Amino acid sequence: MTGERFLQGAIILSVAGMVSKLLGALYRIPLARILGGEGMGLYQMAYPIYTSILALSTAGIPVAISILVAEKLANGDYRGAKRVFTVSLALLSLTGLIFAYLVFSGASFLAHIVLQEPRALYPIAAIAPAIFFTAVVSAFRGYFQGYQVMVPTAVSQVVEQLARVTTVLTGAIVLLPYGIELAAGAATFGAVTGGAAALVVLAVFFLRMPQRRGGEGFRRFQEESTWSLVSRIIKIALPLSVGGLVMPMMQVVDALIVPIRLQAAGMTASRATELFGQLTGMAGSLINLPTIITISLAVSLVPAVSEAVAKRRRPQAISRIAASLRITILLCLPAAAGLAVLAKPISVLLYDVAEVGIPLAYLAPGILFLGLYQTTSGALQGLSKTFIPVTNLLIGLVLKSFLNYYLTAIPGVDVRGAAIATVSAFFLAFLLNFFALRQLIGLKLAAMDSLFLPGLATGLMAVAIKHLYQFSLGFVPGSFATLAAVFAGIFIFFFSLLMLGGLTVEDVAMVPGVGKKVASFLQKIRLLR
């Protein structure tokens, strides 16, 4: 595959991933309006169970399949590549079926005993079949990626999200009159229809894919035993599966601890579920939106650092990591501050529930620390230190569990405590990642360019949008005042940064498409250094 084709495939997959993630994040806004806080709480109780089981049974396996398929293809062993796929497909179909059955049959136990919320039975049972479909889909995606053919994966991701969103919103609306638990169950069933739609798309691509045949060349390769292939797949996938399991486990910790400890603070089960839904299903969704960009940044950082290390260019590796961290701060710091200052107006605008602004204001700093954790994790993976970020996030998970348990049960703190626990976990995980990078390669951040100037520009922005919002309320409706403050905040931050000398030619030039021309223009009028 030529470098140009590789780049084209990477762009296709990146764009599809961005569209898919945006759809996945944005559909929660209308869903929250349909289900309300209590319904979102039931929905969020089922989803972490699904994602945790999925991470345990499939995470890392697509990567393992792609590695083994690519290895076979590099040697011209097309039959061996096909065999990797068939063995993987059988393995994942079996494990997916077993886990789907266990979750479905154990839905009552999970709802009544583990979560202590009987109404969670329907969402858990409804989402169980999705485990099977997603497991099978991961086998197909790994096979195509091994061939470095990214279009099937990209198309299936978008189709999956479209099917999911359609089912989630339609099902919730249709079944809401019959009970909030049934509406939440219909919403979780979207994962099933999404997985089935993705499987159909990938099966069509697979059947239409030209089959490479080697004629006499087949006899040159000794067929690898099934157990050998299975053991190799597991060996490659295991570290990635452990890493993929930690983030869903953080959601499980919330589902297991927060509603119960809110009841310990004196709330009814219904009220506790409602606040849990506001925290995880509404405020949490907004925290994850800006990190779509930092995830992409982390992914692109891995090969960039690996390349620099392979060529023994340590200063270049340090420079790339430092630049990525600075970009993360420039993107996430103003987003965190803006969301904290406008927490209640944004909650009213999106969900028509002002109360969501309470956990949102406390969760907002998590945008910065989660973004920094993702970027530093990408840097460590590029240095082949894949277990360090996993270990650090596990340490953060322990802290989160401790703080969740004690803070959430304090009257007057309640759901704020869970938000503080989440932010503290990401902060600790980032800090440990940063110290690891400092020890491994001597990473340092320029205090003036990376911290002081962005912090000053963010402070100016926060003060400005707070007063602008309050002033605008005297002339326009609240929703317009909120939107005006948001867009003004973006302009004020970057203008302040520009005036303070916090943007360089290199920063602006990195913007795809127009970056170089804009940088050149601003440099001519002496607004850029």
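None of the values given here were measured: they were computed from a predicted structure.

Enquirer: Would you mind showing me how to read the overall build of the chain here?
Expert: Check the secondary structure of the chain and you find 23 helices and zero strands. The buried share of the chain, reckoned over its 529 residues, is 50%. Put simply, of all contacts in the chain between residues at least 6 apart along the chain, 80% involve residues at least 24 apart. When the accessible area of the chain is evaluated, it comes to approximately 23900 Å², of which 69% is carbon and sulfur surface.

Enquirer: Hey, could you run me through the pattern of salt bridges in this one?
Expert: Summed over the entire model, instances satisfying the criterion amount to eight salt bridges. With its nearest N and O atoms 2.4 Å apart, the salt bridge here joins E38 to R119. Of this pair, E38 sits in helix α2 (residues 28-57) while R119 sits in the loop between α5 (107-114) and α6 (121-127); the two residues are 81 residues apart in sequence, bridging distant segments of the chain. The salt bridge involving D254 is made with K400; its shortest N-O contact spans 2.9 Å. Placement of D254 in helix α11 (residues 226-264) and of K400 in helix α18 (residues 387-407) is noted, with a sequence separation of 146 residues between them. Connected via shared salt-bridge partners are E38, E117 and R119.

Enquirer: What is the right way to read the environment of A198 from this model?
Expert: Of note, A198 is situated in helix α10 (residues 190-208). For the pair A198 and V159, spaced 39 residues apart in sequence, the C-alpha separation works out to 6.2 Å. Each residue touching A198, except ones within four places of it in the same chain, is listed here: V137, R141, S156 and E160.

Enquirer: Help me understand the nonpolar core in this model?
Expert: Proteins that are soluble and globular tend to have nonpolar side chains buried together. With 105 residues, the main nonpolar core has L31, L35, Y50, I124, L339 and L443 as its most contacted residues. Of the residues forming this core, the biggest block, 14 residues, is contributed by α2. When residues no more than four places from it in sequence are discounted, the contact partners of L35 are M40, A172, I180, A183, A184 and A187. V69, A135, V136 and V137 belong to the second-largest nonpolar core, a separate cluster that totals 28 residues.

Enquirer: Help me out: how do you make sense of empty space enclosed by the protein in this one?
Expert: In this approach a probe as big as a water molecule rolls over the atoms, and the regions it shows empty are the leftover space. Using the criterion set out here, one finds one cavity of 30 Å³ or more in the structure. Lining the largest cavity are M45, L115, Q116, E117, P259, I260, Q263, A269 and T273. With three residues, α11 is the single largest residue contributor to the lining of the largest cavity. For the lining of the largest cavity, a count of residues per class yields five nonpolar, three polar and one charged.

Enquirer: Just checking my understanding: could you explain the packing of aromatic side chains for this structure?
Expert: Aromatic rings considered in pairs are described by the distance between their centres and by the relative angle of their planes. Counted under the stated rule, the structure contains 15 aromatic pairs. With a centroid separation of 5.0 Å and 35° between ring planes, the pair formed by F85 and F206 is classed as tilted. Pair noted here: F85 is in helix α4 (residues 78-105) and F206 is in helix α10, with a separation of 121 residues, a long-range link. Residues F85 and F206 agree in their burial class; the two are buried. One aromatic cluster in this structure is built from F85, F140, Y143, F144 and F206.

Enquirer: Just checking my understanding: could you explain the confidence of the model for the chain for this structure?
Expert: Caution applies to low-pLDDT regions: their predicted coordinates should not be interpreted in detail. Residues with a pLDDT of 70 or more make up 81% of the chain, whose mean pLDDT is 81. Counting contacts from residues 1-10, a segment whose pLDDT is below 50, to residues more than four positions away or on other chains yields four contacts. In this model residues 214-219 is a low-confidence stretch, pLDDT under 50, and it forms two contacts with partners more than four residues away in sequence or in other chains.

Enquirer: Teacher, can you tell me more about helix α7 (residues 129-146) here?
Expert: Turn by turn, an α-helix covers 3.6 residues, leaving residues three or four places apart pointing in a common direction. Along its 18 residues, α7 runs 27 Å from first to last C-alpha, staying within 8% of the 26 Å computed at 1.5 Å per residue. With respect to burial, α7 is a largely interior element, 14 of its 18 residues being buried.

Enquirer: Teacher, can you tell me more about unusual backbone geometry here?
Expert: Non-glycine residue Q116 carries a positive phi angle of around 55°. For Q116, a relative accessible area of 48% puts it in the partly exposed group. For D352, which is not a glycine, the phi torsion comes out positive at approximately 60°. By the element assignment, D352 lies in the loop between α15 (343-351) and α16 (357-363). Classification of D352 by relative accessible area gives exposed; the value is 55%.

Enquirer: Help me out: how do you make sense of the packing of helix α12 (residues 269-288) against α15 in this one?
Expert: For any two helices packed against each other, one specifies the crossing angle of their axes together with the interaxial distance. Running from N to C, α12 and α15 cross one another at 110°; their axes reach a closest spacing of 12 Å. Overall, the two elements α12 and α15 adopt an arrangement that is roughly perpendicular. The hand of the α12/α15 crossing is right-handed. Of the residues in α15, those touching α12 at G281, M282, S285 and L286 are I346, L350 and Y351.

Enquirer: Even after reading the chapter, I still don't get the environment of L333, so can you show me in this structure?
Expert: Here L333 is to be found in helix α14 (residues 314-341). Once the C-alpha coordinates of L333 and G371 are considered, the two residues, 38 residues apart in sequence, prove to be 9.4 Å apart. Those residues within four positions of L333 in sequence are excluded, and the remaining contacts are T328, L368, P454, G455 and T458.

The rules behind each value
- All residue numbers refer to positions counted from 1 along the written sequence of the respective chain.
- Local features in a predicted model are, by the rule used here, given only for residues with pLDDT of at least 70; side-chain atom pairs are given and counted only at 80 or more, and totals for whole chains, interfaces and linings are based on all residues.
- Water and hydrogen atoms play no part in the side-chain values, which are based on all heavy atoms of the structure.
- Here a strand is any run of E in DSSP of at least two residues, a helix any run of H or I of at least four, and the numbering for each starts at the N terminus.
- Exposure categories follow from relative accessible area, calculated using a 1.4 Å probe and restricted to protein chains: below 20% of the type maximum is buried, above 50% is exposed, and the middle band is partly exposed.
- The contact criterion used is simple: two residues touch if any of their non-hydrogen atoms lie within 4.5 Å.
- Reported accessibility uses the Shrake-Rupley method at a 1.4 Å probe radius. Residues are deemed covered only where the shown protein chains occlude them.
- Any Lys or Arg side-chain nitrogen found within 4 Å of a carboxyl oxygen on Asp or Glu counts as a salt bridge.
- What makes a nonpolar core is a set of buried Ala, Val, Leu, Ile, Met, Phe, Trp, Tyr and Cys residues whose side-chain atoms join them at distances within 4.5 Å.
- The method works on a 1 Å grid over the protein atoms by themselves. A cavity is a set of points holding a 1.4 Å probe that cannot get out, a pocket is an open set with protein on both sides within 12 Å along at least five of seven lines, and residues with an atom within 4 Å of a point line them.
- Grid points are joined across faces, edges and corners, and a volume is the space filled by probe spheres set on the points.
- Under this grouping Gly is polar, as are all residues other than the nonpolar Ala, Val, Leu, Ile, Met, Phe, Trp, Tyr, Cys and Pro and the charged Asp, Glu, Lys and Arg.
- In summary, the pairing rule links any two rings of Phe, Tyr or Trp, Trp by its six-membered ring, whose centres are within 6.5 Å, and it sorts them by plane angle into stacked for under 30 degrees, edge-to-face for over 60 and tilted for everything else.
- Predictor confidence is given residue by residue as pLDDT, running from a minimum of 0 to a maximum of 100.
- Expected helix span is taken as 1.5 Å per residue step, with the number of steps being one fewer than the number of residues.
- The convention used is that axes are lines fitted to C-alpha atoms, helices contributing only their stretch in contact, and that angles between N-to-C directions extend from 0 to 180 degrees.
- Small angles under 35 degrees read as roughly parallel and large ones over 145 as roughly antiparallel, with 65 to 115 read as roughly perpendicular and the rest as oblique.
- Handedness of each helix crossing follows the sense of rotation of the near helix against the far helix: counterclockwise by less than a right angle gives left-handed, clockwise gives right-handed.

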